[in-house]
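Residue strings, one per chain:
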Amino acid sequence: MYKCYVCGKDFQDPTEAAHCTLVCSREAERKLAEQKQQALMAEKEKRKSEVDQAYKTYLSLEKEYRKDYGYTSASCSDPFVTRFPFSVLGL
Ligand SMILES: [Zn+2]
C-alpha cells in the first residue's frame, strides 16, 4: 500500500501515489500563494485607508489654518495639494 504524502489517500500502485502527491503538492502551493496574495492585498487596502485618513486630517487642519490666518500654510504650496480638488473630500 502506498500513500499520498499530502492528502493521505491510499494507492496500490506507487506511481499513482507519487502522481497524487505531486498534484496535491502543487494544489497546496497554489493555495498558499493565493493566501499570501490575499494577505498582501488586505495590507495594501489597510495602508491605503490609513493614508486616506491622514490626508483628510491634513486637509481639515489646512482648512482651519486658512480660515484663521487667511492664507495657506507653507506645506500647502505643494503643487499636488494646490491642484487637488478639495470638494472631492467634502472639505
Ligand atoms: Zn493526494
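Above this note sits the structure.
The sections below set out a description of the structure shown in this document. Computed from a predicted structure; not experimentally measured. (Residues numbered from 1 in each chain as written. Predicted model: local features only at pLDDT ≥ 70, side-chain atom pairs only at ≥ 80, totals over all residues.)

1. A closer look at the overall build of the protein chain
Where we set the bar: Secondary structure counts use DSSP, requiring at least four H or I residues in a row for a helix and at least two E residues in a row for a strand, with both numbered from the N terminus. Comment: burial labels come from other C-beta atoms within 10 Å of the residue's own C-beta, placed from the backbone, where a count of 20 or more is buried, 12 or fewer is exposed, and between is partly exposed. A pair of residues counts as a contact when their C-beta atoms, built from backbone coordinates, are separated by no more than 7 Å.
A tally of helices and strands in the protein chain yields two helices and two strands. Ordered by position from N to C terminus, the α and β elements of the protein chain give β-β-α-α. Every one of the 91 residues in the protein chain was classed for burial, and the buried ones make up 1%. Look at the contacts in the protein chain between residues 6 or more apart in sequence, and 18% of them connect residues 24 or more apart.

2. A closer look at the environment of Asp 10
Locating Asp 10 in the fold gives a position in strand β2 (residues 10–11). The spatial distance from the C-alpha of Asp 10 to the C-alpha of Cys 20 is 9.7 Å, given a sequence separation of 10 residues. Those residues in contact with Asp 10, other than ones at most four positions away along the chain, are Met 1 and Lys 3.

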